[in-house]
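Read off the chains here:
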Amino acid sequence: MSSSDIFIGETIGTAILILLGGGVCAAVTLKASKAKDAGWLAITFGWGFAVLTGAYLAGGVSGAHLNPAVTVGLAIEGGTKWSDLPLYLGSQLLGAIIGAILVWLTYMGQFKAHLTDPSILAAQPADEGLVDQKAAPKAGPVLGIFSTGPEIRNYAQNVLTEVIATVVLVLAILTQGLNDNGNGIGVLGALITALVVVGIGLSLGGPTGYAINPVRDLGPRIVHSLLPLPNKGGSDWTYAWVPIVGPLIGGAIAGGIYNIAFK
């Protein structure tokens, strides 16, 4: 596929992924949303449908990686050229930034109402669920719409959780090629991947919010830090390396496992 195919497919596909995934987080979080407090089940299925839509749109154009961890796994497996890696990753990050901006535009009124509501602001004096309250930076009240964060801040455990979850995701994607005598499963692959993401969210997402995708976290976190939102709080950059490093390691391990066990 051409460089323009990769750029267009990955940018649009990742933008849709983040728009719908971040959108369900906004719908569940923001006080003036009709879906307020819909819960974790809504979030996990919302992200699954986000993956399904983004992957289906971009599959025939760029292969629909939509995730640097997937791209790294495919490069190690041999299905993607290493020389294409920078274009894939740059396009994915751009798409994630665009998607996060679209979430803000969609819920602009709800963001303003939420962040100026006295009851919301009064509930933000401390981070809940952190091992060391003094050492951990205070996350803003809407940061969870844009990026992930741990329930217990233990960097070694947090990285390990992301590694394990990402290995499951990328290995499930790589092994699709073993079906139908090596011809894959076509557009059905997007559905299978989406269901895997739902499963990861339900089973492994509790500790860290399951980024399993570096740009899914980094792009929206950048947008959160730049948006002119009142009382938005910090962007928790001290944690931002975890959902980058963990998934990249997981993607690399999955590629290695595939080459050893399945080739």
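On a predicted model such as this, the values are computed, not experimentally measured, just so you know. (Residues numbered from 1 in each chain as written. Predicted model: local features only at pLDDT ≥ 70, side-chain atom pairs only at ≥ 80, totals over all residues. Heavy atoms only, no water.)

1. What to know about the overall build of the chain
Part 1: Summing up its helical and strand segments, the chain has 11 helices and 0 strands in all.
Part 2: Mapped from its N terminus to its C terminus, the chain presents α and β elements in the order α-α-α-α-α-α-α-α-α-α-α.
Part 3: Against the compact-globule benchmark of 18 Å for 263 residues, the chain has a radius of gyration of 18 Å, which places it among compact chains.
Part 4: The principal-axis extents of the C-alpha atoms in the chain amount to approximately 60 × 35 × 30 Å.
Part 5: Taking all 263 residues of the chain together, 49% fall into the buried category. (Helix = DSSP H or I, 4+ residues; strand = E, 2+ residues; numbered from the N terminus. Rg over C-alpha atoms; globule rule 2.2 N^0.38 Å. Buried < 20%, exposed > 50% of the residue type's maximum accessible area, 1.4 Å probe, protein only.)

2. Details of the nonpolar core
Part 1: By size, the foremost hydrophobic cluster in this structure holds 37 residues, and its most contacted members are Trp47, Phe111, Val142, Ile145 and Phe146.
Part 2: Within the residue set of this core, elements represented by two or more residues are helix 1 (3-29), helix 2 (40-62), helix 4 (85-106), helix 5 (108-115), helix 7 (143-146), helix 8 (155-174), helix 9 (188-204) and helix 10 (214-226).
Part 3: The element contributing the most residues to this core is helix 1, with 7 residues.
Part 4: Dropping the residues within four chain positions of it, Val142 is found in contact with Leu30, Phe111, His114, Leu115, His224 and Leu229.
Part 5: Among the nonpolar cores identified, the runner-up in size contains 13 residues, and Val163, Val170, Leu171 and Leu174 belong to it. (Core = buried A, V, L, I, M, F, W, Y, C linked by side-chain atoms within 4.5 Å. Contact = heavy atoms within 4.5 Å.)

3. Describing the confidence of the model for the chain
Part 1: Mean pLDDT over the chain stands at 91; residues scoring 70 or higher make up 90%.
Part 2: Contacts of residues 127-135 to residues separated by more than four positions or lying in other chains number 16 contacts, the stretch itself having pLDDT below 50. (pLDDT = per-residue confidence, 0-100.)

4. Looking at the pattern of salt bridges
Part 1: One pass over the structure, following the stated rule, counts 4 salt bridges.
Part 2: Lys31 is paired through a salt bridge with Asp117; the nearest N and O atoms lie 3.1 Å apart. Within this pair, whereas Lys31 is found in the loop between helix 1 and helix 2, its partner Asp117 is found in the loop between helix 5 and helix 6 (118-122), the two being separated by 86 residues in sequence.
Part 3: On the accessibility criterion, Lys31 (41% relative accessible area) is partly exposed.
Part 4: A relative accessible area of 18% places Asp117 in the buried class. (Salt bridge = Lys/Arg side-chain N within 4 Å of Asp/Glu carboxyl O.)

5. Remarks on empty space enclosed by the protein
Part 1: All chains considered together, the criterion is met by 1 cavity of 30 Å³ or more.
Part 2: Of the voids in this model, the largest cavity is the one considered here, and its volume is about 50 Å³.
Part 3: As for the largest cavity, its lining consists of Ile18, Gly22, Trp47, Ala100, Val103, Ile145, Phe146, Arg216 and Pro220.
Part 4: Secondary structure elements with two or more residues in the lining of the largest cavity: helix 1, helix 4, helix 7 and helix 10.
Part 5: Residues belonging to the lining of the largest cavity are distributed by class as follows: 7 nonpolar, 1 polar and 1 charged. (1 Å grid on protein atoms, 1.4 Å probe; cavity = no way out; pocket = protein on both sides within 12 Å on 5 of 7 lines; lining within 4 Å. Points joined across faces, edges and corners; volume = space filled by probe spheres on them. Nonpolar A, V, L, I, M, F, W, Y, C, P; charged D, E, K, R; others polar.)

6. A word on the packing of helix 8 against helix 11 (residues 242-261)
Part 1: Packing of helix 8 against helix 11 leaves a shortest axis separation of 7 Å and a crossing angle of 40°. Overall, the two elements helix 8 and helix 11 adopt an arrangement that is oblique. Helix 8 and helix 11 meet at a crossing whose hand is right-handed. In contact with Tyr155, Asn158, Val159, Glu162, Val163, Thr166, Val167, Val170, Leu171 and Leu174 of helix 8, helix 11 contributes Val242, Gly246, Pro247, Ile249, Gly250, Gly251, Ile253, Ala254, Gly255, Ile257 and Tyr258.
Part 2: Within the contact of helix 8 with helix 11, the residues separate by chemical class into 14 nonpolar, 6 polar and 1 charged. (Axes fitted to C-alpha atoms, helices over the stretch in contact; angles between N-to-C directions. Parallel < 35°, antiparallel > 145°, perpendicular 65-115°, else oblique. Left-handed = near helix turned anticlockwise from the far one by under 90°.)

7. Quick word on the packing of helix 4 against helix 5
Part 1: Close contact between helix 4 and helix 5 brings their axes to 4 Å; oriented N to C, the two are set at 75°. With respect to each other, helix 4 and helix 5 are oriented roughly perpendicular. On the side of helix 4, the interface is formed by Val103, Trp104, Leu105 and Thr106, while helix 5 contributes Met108, Gln110 and Phe111.
Part 2: The residue makeup of the contact of helix 4 with helix 5, split by class, is 5 nonpolar, 2 polar and no charged.

8. Observations concerning helix 5
Part 1: Along helix 5, the residues classified as buried are Phe111, His114 and Leu115. Mapping the buried residues of helix 5 onto a view down its axis gives an arc of 85°, with all of them on the same face. (Arc of directions from axis to C-beta.)

9. As for unusual backbone geometry
Part 1: The phi angle at Ala64 is positive, at roughly 55°, despite the residue not being glycine.
Part 2: As for its placement among the helices and strands, Ala64 is situated in the loop between helix 2 and helix 3 (68-77).
Part 3: A residue is classified by how much of its surface remains accessible, and Ala64, at 16% relative accessible area, is buried.
Part 4: Positive phi values are uncommon outside glycine, yet Tyr210 reaches one of about 45°.
Part 5: Note on Tyr210: relative accessible area 6%, which makes it buried.

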